Amino acid sequence: KRSLSRAGTVQVSGAALPEQGGDVLVQNRSSGTPAVAKTAVLPAGDTVALQAVPRAYYVFVRWAGRDVPAGSETDNPLVLKADQNKRVAAQFQALVTDQTRTPLWWLAQHGLTGESFEDEAMMDRNHNGLPAWMEYIADLDPNDEDSRLPPLSVTKLEDGRVRIQIDPTSSG
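Residues numbered from 1 in each chain as written. Predicted model: local features only at pLDDT ≥ 70, side-chain atom pairs only at ≥ 80, totals over all residues. Heavy atoms only, no water.

A. Geometry of the overall build of the protein chain. Across its full length, the protein chain holds three helices and 10 strands. For the protein chain, the N- to C-terminal ordering of α and β elements is β-β-β-β-β-β-β-β-α-α-α-β-β. Across the 172 residues of the protein chain, 31% fall into the buried class. Sequence-distant contacts, at least 24 apart, represent 52% of the contacts inside the protein chain between residues at least 6 apart. Accessible surface, the protein chain: about 10500 Å² in total, of which carbon and sulfur atoms supply 49%. (Helix = DSSP H or I, 4+ residues; strand = E, 2+ residues; numbered from the N terminus. Buried < 20%, exposed > 50% of the residue type's maximum accessible area, 1.4 Å probe, protein only. Contact = heavy atoms within 4.5 Å. Areas by Shrake-Rupley, 256 points an atom, 1.4 Å probe, with all protein chains shown as cover.)

B. Geometry of the pattern of salt bridges. This model, assessed by the stated rule, comprises four salt bridges. Here Asp23 ties to Arg55 by a salt bridge, and the two come within 2.8 Å at their closest N and O atoms. Highlighted residues: Asp23 in strand E2 (residues 22-28) and Arg55 in the loop between strand E5 (47-54) and strand E6 (58-64), separated in sequence by 32 residues. For Arg55, a relative accessible area of 38% translates into the label partly exposed. A salt bridge links Asp83 to Lys86; the shortest N-O distance between them is 3.1 Å. Given a relative accessible area of 45%, Asp83 falls into the partly exposed group. (Salt bridge = Lys/Arg side-chain N within 4 Å of Asp/Glu carboxyl O.)

C. Region of the structure containing the sheet that holds E6. As summarised here, the arrangement of the four strands in space is E4-E1-E8-E6, forming an open sheet in which the pairing is mixed. Every other strand in the sheet has two partners, leaving strand E4 (39-43) and E6 as the edge strands with one partner each. Averaged over all neighbouring strand pairs, the angle between strand axes comes to 25 degrees, with direction disregarded. Pairing between strand E1 (residues 9-17) and strand E8 (residues 86-94): six bridges, direction parallel. What sits directly across from Gly14, in E8, is Val88. (Pairing = 2+ DSSP bridges. Axes fitted to C-alpha atoms, helices over the stretch in contact; angles between N-to-C directions.)

D. Spotlight on the environment of Tyr58. Take Tyr58: it is sitting in strand E6. Relative accessible area serves as the criterion here: at 9%, Tyr58 is assigned to the buried category. Separated by 36 residues in sequence, Tyr58 and Gly22 place their C-alpha atoms 7.5 Å apart. Excluding its chain neighbours within four sequence positions, the residues that come into contact with Tyr58 are Pro18, Gln20, Gly21, Phe92, Gln93, Ala94, Leu95 and Trp105.

E. Summary view of the confidence of the model for the protein chain. For the protein chain, the mean per-residue pLDDT works out to 87, and 87% of the residues sit at or above 70. Note that pLDDT drops below 50 for residues 1-6; the model gives that stretch 16 contacts with residues more than four away or on any other chain. (pLDDT = per-residue confidence, 0-100.)

F. Structural view of the packing of aromatic side chains. Taken as a whole and assessed by the stated rule, the structure comprises four aromatic pairs. Geometrically, the ring pair formed by Phe60 and Trp63 is tilted, given 5.5 Å between the ring centres and 55 degrees between the ring planes. For the pair shown, Phe60 and Trp63 are each scored as buried. Residues Trp106 and Tyr136 carry aromatic rings whose centres are separated by 5.3 Å and whose planes lie at 70 degrees to one another, so their mutual orientation is edge-to-face. Pair noted here: Trp106 is in helix H1 (residues 104-109) and Tyr136 is in helix H3 (residues 132-137), with a separation of 30 residues, a long-range link. A residue is classified by how much of its surface remains accessible, and Tyr136, at 30% relative accessible area, is partly exposed. Each member of the aromatic cluster is reached from another via a ring pair, and the members are Phe60, Trp63 and Phe92. (Phe/Tyr/Trp six-rings, centres within 6.5 Å; stacked < 30°, edge-to-face > 60°.)

In structure tokens form, the structure reads like this:
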């Protein structure tokens, strides 16, 4: 059984998952003042509203945690009675292109916004032979023409298996 944190008060905590996906606004329904906060200390019995606010290129998916009332997982804002210490998390998901599943935040971060995101993911703006979606997977810079996959060596082993190694000294 969980108890009150201080005489007559409770803590309500909200977190964003992943953290870069958004913010959680905590609003005490009595005072009416919203604040971006991970934790709010409230008088016991008050009602609190937590609002999940996605950042650019993310969407709110659901609330998670044992303190989320059944059936309220997708409510936004989520209203909770501050009857005991509570902790919930807002789960966010990155928006991605339909064809290649490239995160829109990554394309925007690299300035690949001149065309549609779908088109940008398929383009090779730095002329290194790889479209942007492959550069995302390979953790390359789509704006640097010297950003390339490191050299690979392929060796056929005696038992018929193949060993593929990446040159660890490469700056590719």
